Amino acid sequence: MLILCANVGSTSFKYQIIDVQTSASLVAGGVERVGNSPSPFTHAVPGKPSVNGEIDAPNHNAAIVHAIDLITAPETGVMADLSDLVGVGFKTILARGIWRSALITNKVIDALEADIPFAPTHNPAYIASIRAFQERLPSTPLVAVFETWFHQTMPDYASEFGVPREWVEKHHIRRYGFHGASHRYISERVPQLLGDPPANLRIISCHLGGSSSLCAIRNGQSIDTTMGVSPQYGPIQSSRSGDLDPFAVLYLMDAEGWDTEEIRRQLIEESGLRGISGVSGDLRDVEAAAWKATIMRD
Ligand SMILES: Nc1ncnc2c1ncn2[C@@H]1O[C@H](COP(=O)(O)OP(=O)(O)O)[C@@H](O)[C@H]1O
Ligand SMILES: CC(=O)OP(=O)(O)O
Ligand SMILES: [Mg+2]
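From a predicted model like this one, the values you see are computed outputs, not experimental measurements.

What counts, and where the lines are drawn
Residues numbered from 1 in each chain as written. Chains lettered and ligands numbered in written order. Predicted model: local features only at pLDDT ≥ 70, side-chain atom pairs only at ≥ 80, totals over all residues. Heavy atoms only, no water. Core = buried A, V, L, I, M, F, W, Y, C linked by side-chain atoms within 4.5 Å. Buried < 20%, exposed > 50% of the residue type's maximum accessible area, 1.4 Å probe, protein only. Helix = DSSP H or I, 4+ residues; strand = E, 2+ residues; numbered from the N terminus. Domains from an automatic or database assignment. Contact = heavy atoms within 4.5 Å. UniProt positions renumbered as here; feature names shortened; annotations may be inferred. Pairing = 2+ DSSP bridges. Axes fitted to C-alpha atoms, helices over the stretch in contact; angles between N-to-C directions. Near = heavy atom within 4 Å. Polar contact = N/O pair within 3.5 Å; in protein donor to acceptor, adjacent residues only side chain to side chain. Areas by Shrake-Rupley, 256 points an atom, 1.4 Å probe, with all protein chains shown as cover. Nonpolar A, V, L, I, M, F, W, Y, C, P; charged D, E, K, R; others polar.

Examining the nonpolar core
- Within the largest apolar cluster, 51 residues are counted, with the highest numbers of intra-cluster contacts made by L85, V88, F90 and F133.
- Contributions of two or more residues to this core are made by β1 (2-8), β2 (13-19), β3 (25-31), α1 (60-72), β6 (85-92), α2 (106-114), α3 (123-136) and β8 (142-146).
- Built from parts of two domains, this core gets at least three residues from each of domain 1 (2-146) and domain 2 (150-235).
- Filtering out sequence-adjacent residues up to four positions away, L85 remains in contact with L2, I3, L4, I17, M79, L137 and T140.
- Counting five residues, the second largest nonpolar core, distinct from the first, contains F150, L201, I203 and C215.

Given below as structure tokens:
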């Protein structure tokens, strides 16, 4: 029984095909810098020479088409067509009213759409990616696995913000937390590596990528995390602001006459690592620019 795991990230698309009976990985690959061409890719099948290079991937669909071509090509592939898959699992982050995982139906897509205001970089890419697989595999089950579940164990003093009750009851404004699969993996793997039971350990898990979050783990459970009602909160993200005093936003809107669309665009596209570096939201570009500046100065 083969499943394809699709990790649609804010800056990348990564995939693996897993045999669920043996847990063996048949292929692992990914395309990075999606939307920021040239996009490097890797594709590795045990027993075959691994393939890598660069493609033009202006969006996640282009990365998915490229991955499917490699998966099904005779020289690089592991199957003649995707109908050998019993299912496709997507990392998804936030959809209104859905907590753990769900078989993807139109209702789930509607719920992802409803939460685009909280996940503007992620949800449109998930919806487009899900549709890309639906077109190719109309009768294969597609499953969404939500990143919020691992943080359900947070105590209320960590998950609640100091806001009016009505905001919570009517609009569900609270800390959800994301990167759950990644933090959960750390919560299980660190005790294995240290040879210590989870009950003895207090772990701070740091997930650093296009989006970054930290998680406090006690007794194997999430007790606090840095992302909030949206994955824009916490440390700076690639081009998204991370923590920012809400009064700075209100002030700027008044002072500059910016509407919500304009301030949202700047918070999503021009902030974070890109904002502070003035170079890029990708740390590799920032390091290369810093290196070049050092050489020029010296
Ligand atoms: N070799 C590297 N050195 C420094 N930073 C890196 C390196 N590789 C990736 N990164 C950083 O990680 C980010 C990608 O993170 P990743 O978790 O793979 O993607 P996503 O957020 O899409 O899931 C890049 O934008 C870049 O900032
Ligand atoms: C929140 C999240 O999953 O972020 P990314 O897609 O950047 O990994
Ligand atoms: Mg990711």
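A short note on the UniProt feature "binding site: ATP" (unreviewed entry) in the protein chain
- When the UniProt feature table is mapped to this numbering, "binding site: ATP" (unreviewed entry) covers K14, D282, L283 and R284.
- Here K14 lies in strand β2.
- Judged by relative accessible area, which is 41%, K14 ranks as partly exposed.

Some details on the sheet that holds strand β10 (residues 213-218)
- Taken together, the three strands give an open sheet; going across it, the order is β9-β10-β11, and neighbouring strands pair in antiparallel fashion. The sheet terminates laterally at β9 (202-207) and β11 (221-225), the two strands that pair on one side only. The sheet shows a mean angle of 30° between the axes of neighbouring strands, taken without regard to direction.
- Here four bridges tie β10 to β11, and the two strands are oriented antiparallel to one another. When the bridges of β11 are listed, R218 appears paired with Q221.
- Together, β9 and β10 form the strand contacts of helix α6 (residues 180-194), whose direction differs from that of β9 by roughly 135°.

Here's the deal with the site of ligand 1
- Contacts to ligand 1 come from G9, S10, T11, S12, K14, G209, G210, S211, D282, L283 and R284.
- Here an oxygen atom of ligand 1 and a backbone polar atom of T11 are 2.8 Å apart.
- A distance of 2.6 Å separates an oxygen atom of ligand 1 from a polar atom in the side chain of K14.
- Burial of ligand 1 by the protein chains amounts to 70% of its free accessible area of 580 Å².
- The residue inventory of the shell around ligand 1, partitioned by class, reads one nonpolar, seven polar and three charged.

Side note on the UniProt feature "binding site: Mg(2+)" (unreviewed entry) in the protein chain
- Sites flagged by UniProt as "binding site: Mg(2+)" (unreviewed entry) map to N7.
- Among the structural elements, N7 can be located in strand β1.

Brief notes about the site of ligand 2
- Surrounding ligand 2, one finds G9, S10, K91, I93, H122, H179, S211 and P231.
- A distance of 2.7 Å is found between an oxygen atom of ligand 2 and a side-chain nitrogen or oxygen belonging to K91.
- Summarising the interface, the protein chains cover 92% of the accessible area of ligand 2, which totals 260 Å² for the free molecule.
- Of the residues in the shell around ligand 2, the class split is two nonpolar, five polar and one charged.
- Residue assignment places the shell around ligand 2 across two domains, with domain 1 (2-146) and domain 2 (150-235) each supplying three or more.

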